[in-house]
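# Inside the fold
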Amino acid sequence: MLFSPALDAAFAGILGLLVGSFLNVVIYRLPKMMERQWAAECAEYSGKPLEPQPQFSLLTPRSRCRECGHTIRWYENIPLVSYVALRGKCAACGTRIGLRYPLVELSTGLLFAYLVWRWGFSPKALVWCGFSAALLALALIDWDTTLLPDDITLPLVWAGLIAAALGWSGMRLPGALWGAVAGYMSLWTIYQGFKLLTGKEGMGYGDFKLFAALGAWFGWQALIPIILMASVIGAVVGVAMKMAAGLREGKYVPFGPFLAAGGFAALFFGADAMLAAIGI
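About the criteria used
- Residues numbered from 1 in each chain as written.
- Predicted model: local features only at pLDDT ≥ 70, side-chain atom pairs only at ≥ 80, totals over all residues.
- Heavy atoms only, no water.
- Phe/Tyr/Trp six-rings, centres within 6.5 Å; stacked < 30°, edge-to-face > 60°.
- Helix = DSSP H or I, 4+ residues; strand = E, 2+ residues; numbered from the N terminus.
- Buried < 20%, exposed > 50% of the residue type's maximum accessible area, 1.4 Å probe, protein only.
- 1 Å grid on protein atoms, 1.4 Å probe; cavity = no way out; pocket = protein on both sides within 12 Å on 5 of 7 lines; lining within 4 Å.
- Points joined across faces, edges and corners; volume = space filled by probe spheres on them.
- Nonpolar A, V, L, I, M, F, W, Y, C, P; charged D, E, K, R; others polar.
- Expected span 1.5 Å × (residues − 1).

Turning next to the packing of aromatic side chains. Summed over the entire model, instances satisfying the criterion amount to 17 aromatic pairs. Judged by centre distance (5.0 Å) and plane angle (75 degrees), the ring pair of W128 and F131 falls under edge-to-face. Of this pair, W128 and F131 are both found in helix 4 (residues 123-145), three residues apart, which corresponds to roughly one turn of the helix. Take W128: its relative accessible area is 3%, and that puts it in the buried class. An aromatic cluster is defined as three or more aromatic residues linked by ring pairs; in this entry it consists of Y114, W117, F264, F268 and F269.

This paragraph deals with unusual backbone geometry. What is expected of a backbone is that most residues other than glycine have negative phi and most peptide bonds are trans. A cis amide bond links T60 with the next residue in sequence, P61, at an omega value of -5 degrees. As for its placement among the helices and strands, P61 is situated in the loop between helix 1 (5-46) and helix 2 (81-85). Positive phi, normally seen in glycine, also occurs at L80, with a value near 65 degrees. Relative to the helices and strands, L80 is located in the loop between helix 1 and helix 2. Classification of L80 by relative accessible area gives partly exposed; the value is 25%.

By volume, the largest pocket amounts to about 980 Å³. Elements with a minimum of two residues in the lining of the largest pocket: helix 1, helix 2 and helix 3 (100-119). Considering each element in turn, the lining of the largest pocket owes the most residues, six residues, to helix 1. The residue inventory of the lining of the largest pocket, partitioned by class, reads 19 nonpolar, eight polar and nine charged. For the second largest pocket, the lining is made up of 24 residues, of which E201, G202, M203, G204 and D207 are closest to its centre. Contributing elements (two or more residues each) for the lining of the second largest pocket: helix 6 (173-198) and helix 7 (205-218). By residue number, the principal contributor to the lining of the second largest pocket is helix 7, which donates four residues.

As a further point, take helix 7. If you check helix 7, its first and last C-alpha atoms are 20 Å apart, about what 14 residues at 1.5 Å a residue would give, namely 20 Å. A large share of helix 7 lies buried, amounting to 13 of its 14 residues. Downstream of helix 7 by one or two residues, G219 has phi in the positive range, about 90 degrees.

This is the structure:
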């Protein structure tokens with residue numbers, strides 16, 4: 001504890017707002033960076049030169065309005081405050097700014113504030129803040145693109161194992177290790193069985209890695225309530241989208257966001273409460 005629990009939580013919430021602003025960049029840019037990498041690899045394999053492209057990373061170029069190209073100045077990029085001051089519009093052309101941007105910032109701020117209020121400014125709170133930020137980014141990237149980038153899922157697995165080894169996550173290392181193994185192998189086995197029976201792929205390898213990460217952070221005992229909660233939420237959302245004709249081309253719904261929802265439920269309520277909530 002640095003000050004009082006309330007002040008610590010408030011400080012963490014402000015830090016979370018800043019991290020949430022960066023998550024918006026990650027959510028938008030990381031899939032495009034992956035596409036550029038794939039295009040470069042295809043060009044290399046085919047022997048066809050790829051036209052030079054301007055540098056594009058999480059840090060460059062500076063954020064711009066997608067409609068008019070206006071470079072966003074620092075005072076137009078203050079989490080929540082700038083959105084309210086600009087009334088949710090670009091300062092140059094007046095194009096509406098998506099509501100998701102402030103919602104991601106607010107969600108990250110609330111997550112950080114809650115975790116520090118729960119555990120104080122401690123290694124445990126900080127590692128779970130990192131976990132929450134990564135899980136939120138993965139959920140939204142997968143919802144947008146059906147991609148779960150290795151650049152986030154694999155470090156999340158290792159971070160869970162390292163945090164357990166250091167005693168920071170509240171999970172013992174054997175439980176975290178077998179949780180990662182069980183998480184990956186369970187979905188991989190379902191995938192292979194489904195493919196053998198139908199000749200189709202029911203999910204992607206990114207789902208295996210994300211479930212392995214959840215196993216590393218929560219242990220193998222939590223995997224059943226997490227997957228059940230994810231399946232229930234996914235089924236409800238899928239039916240609702242189908243009834244509303246909101247399914248995208250291919251009639252699929254990415255599973256990653258619902259695994260993430262199960263992970264957040266495990267973080268907030270615990271595995272036993274999750275099982276009770278779905279009647280088990």
